[in-house]
Amino acid sequence: MKILVAEDDGVSRARLTAVLKTLGHEPLVFSNGAEAWKAFQDEPCRVVISDWEMPEMDGIELCRQVRGHEGAEYTYFILVTAAHTGEDAYTRAIEADVDDFLAKPLRRDALWRRLRVAERILSFTQKIQQLEKLLPVCMYCKKVRDNRDHWHEMESYIQTQTGTDLSHGVCPACVDHVMAEWGLDSPKV
């Protein structure tokens, strides 16, 4: 999987890149948060590993930018730190919607575990997105169930959700049936 990496320390960046490659991933590596954010805008990745303290844009601000990006699929964000271990710092990171943390110096096994969790979470988010695209419709009356478990006439549901007004008619496949119900001959078209 492609993983966006933002790390300003050259040694840490090289080590992280090498470990990600040995784990079978494709790291896209940048030396600061601003460069990583520009790259993310061009090609969103599903996983970001970012150092906390960096010039130009730190890891928390990078996370905020990623979370605010319109149209991107959910991104699992891992923040790497050696210095920010206080409760207040972690609270700020969680409030910025950071998903996970890694401590420096990075250990291969710890990184592997975090990436396994990331893959599982990303798989779940993809399944949830697919389920959210399903529209529950009663197979008998054709009413639609909303997310509060209320049932609505299909026309009113569509109008409420999309703002679309509907016009009604009879399709060619139904004309014979409808006309027969009324005891009339089908029109010759």
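Residue indices follow the written sequence of each chain, beginning from 1 at its first position. The predicted nature of this model means local features are confined to residues of pLDDT at least 70 and side-chain atom pairs, given and counted, to a pLDDT of 80 or more, with totals for whole chains, interfaces and linings taken over all residues. Think of the side-chain values as coming from all heavy atoms in the structure, minus any hydrogens and water.

A.B. asks: Can you break down the side chain of Asp100 residue by residue, with the values?
C.D. replies: Starting at the N terminus, helices and strands are each numbered in turn, a helix being any DSSP run of H or I of at least four residues and a strand any DSSP run of E of at least two. Considering the arrangement of structural elements, one finds Asp100 in strand S5 (residues 100-103). Judged by its relative accessible area of 15%, Asp100 falls in the buried class. Contacts described as polar in this section are N or O atom pairs within 3.5 Å, which, within protein, must combine one atom able to donate a hydrogen with one able to accept it, while residues neighboring in sequence count only if both atoms come from side chains. A distance of 3.2 Å separates a polar atom in the side chain of Asp100 from a polar atom in the side chain of Tyr76. What makes two residues a contact is simply this: any of their non-hydrogen atoms within 4.5 Å. Every residue in contact with Asp100, bar those within four places of it in the chain, is listed here: Tyr76, Phe77, Ile78, Leu79 and Arg114. For each residue, the accessible area found with a 1.4 Å probe, counting protein chains only, is set against the maximum for its type, and the residue is called buried under 20%, exposed over 50%, and partly exposed in between.

A.B. asks: An account of the sheet that holds S5 is needed here, citing residue identities and associated values.
C.D. replies: Two strands qualify as a pair provided DSSP detects at least 2 bridges between them. Sheet architecture is open: 5 strands sit in the order S2-S1-S3-S4-S5, paired in parallel fashion. Every other strand in the sheet has two partners, leaving strand S2 (26-30) and S5 as the edge strands with one partner each. Neighbour-to-neighbour, the strand axes of the sheet open up by a mean angle of 20°, direction not taken into account. Axis definition: a line fitted to C-alpha atoms, over the contacting stretch in the case of helices. Angles run 0 to 180 degrees between N-to-C directions. The strands touched by helix H2 (residues 33-42) are strand S1 (2-6), S2 and strand S3 (47-51); relative to S1, the strand with the most contacts, the crossing angle is about 155°.

A.B. asks: A description of helix H1 (residues 10-22) should follow, citing residues and the corresponding values.
C.D. replies: The terminal C-alpha atoms of H1 lie 18 Å apart, and with 13 residues this matches the ideal 18 Å at 1.5 Å per residue to within 8%. Considered for burial, the residues of H1 that qualify are Leu16, Thr17, Val19 and Leu20. Along the long axis of H1, the arc covered by the buried residues comes to 165°, so they all point the same way. In H1, the exposed residues that point more than 90 degrees away from the buried face are Val11, Lys21 and Thr22. Those residues of H1 that are buried are in contact with S1, S2, S3 and helix H5 (108-132). Positive phi appears at Gly24, one or two residues downstream of H1, with a value of about 90°. One fewer than the residue count of a helix, multiplied by 1.5 Å, yields its expected span. What the arc describes is the spread of directions from the helix axis to the C-beta atoms.

A.B. asks: Any chance you could break down the layout of surface pockets for me, citing the residues and the numbers?
C.D. replies: Here a cavity denotes grid points, spaced 1 Å and computed from the protein atoms alone, that fit a 1.4 Å probe unable to get out, and a pocket denotes an open set having protein on both sides within 12 Å along at least 5 of 7 lines; residues with an atom within 4 Å of a point are the lining. Grid points are joined across faces, edges and corners, and a volume is the space filled by probe spheres set on the points. Approximately 210 Å³ is the volume attributed to the largest pocket. Along its surface, the largest pocket is lined by Glu132, Leu134, Pro136, Arg145, Asp146, Asn147, Arg148, His152, Tyr157, Thr160 and Gln161. Residue polarity follows a fixed list, in which Ala, Val, Leu, Ile, Met, Phe, Trp, Tyr, Cys and Pro are nonpolar, Asp, Glu, Lys and Arg are charged, and the others, Gly among them, are polar. For the lining of the largest pocket, the residue count by class is 3 nonpolar, 4 polar and 4 charged.

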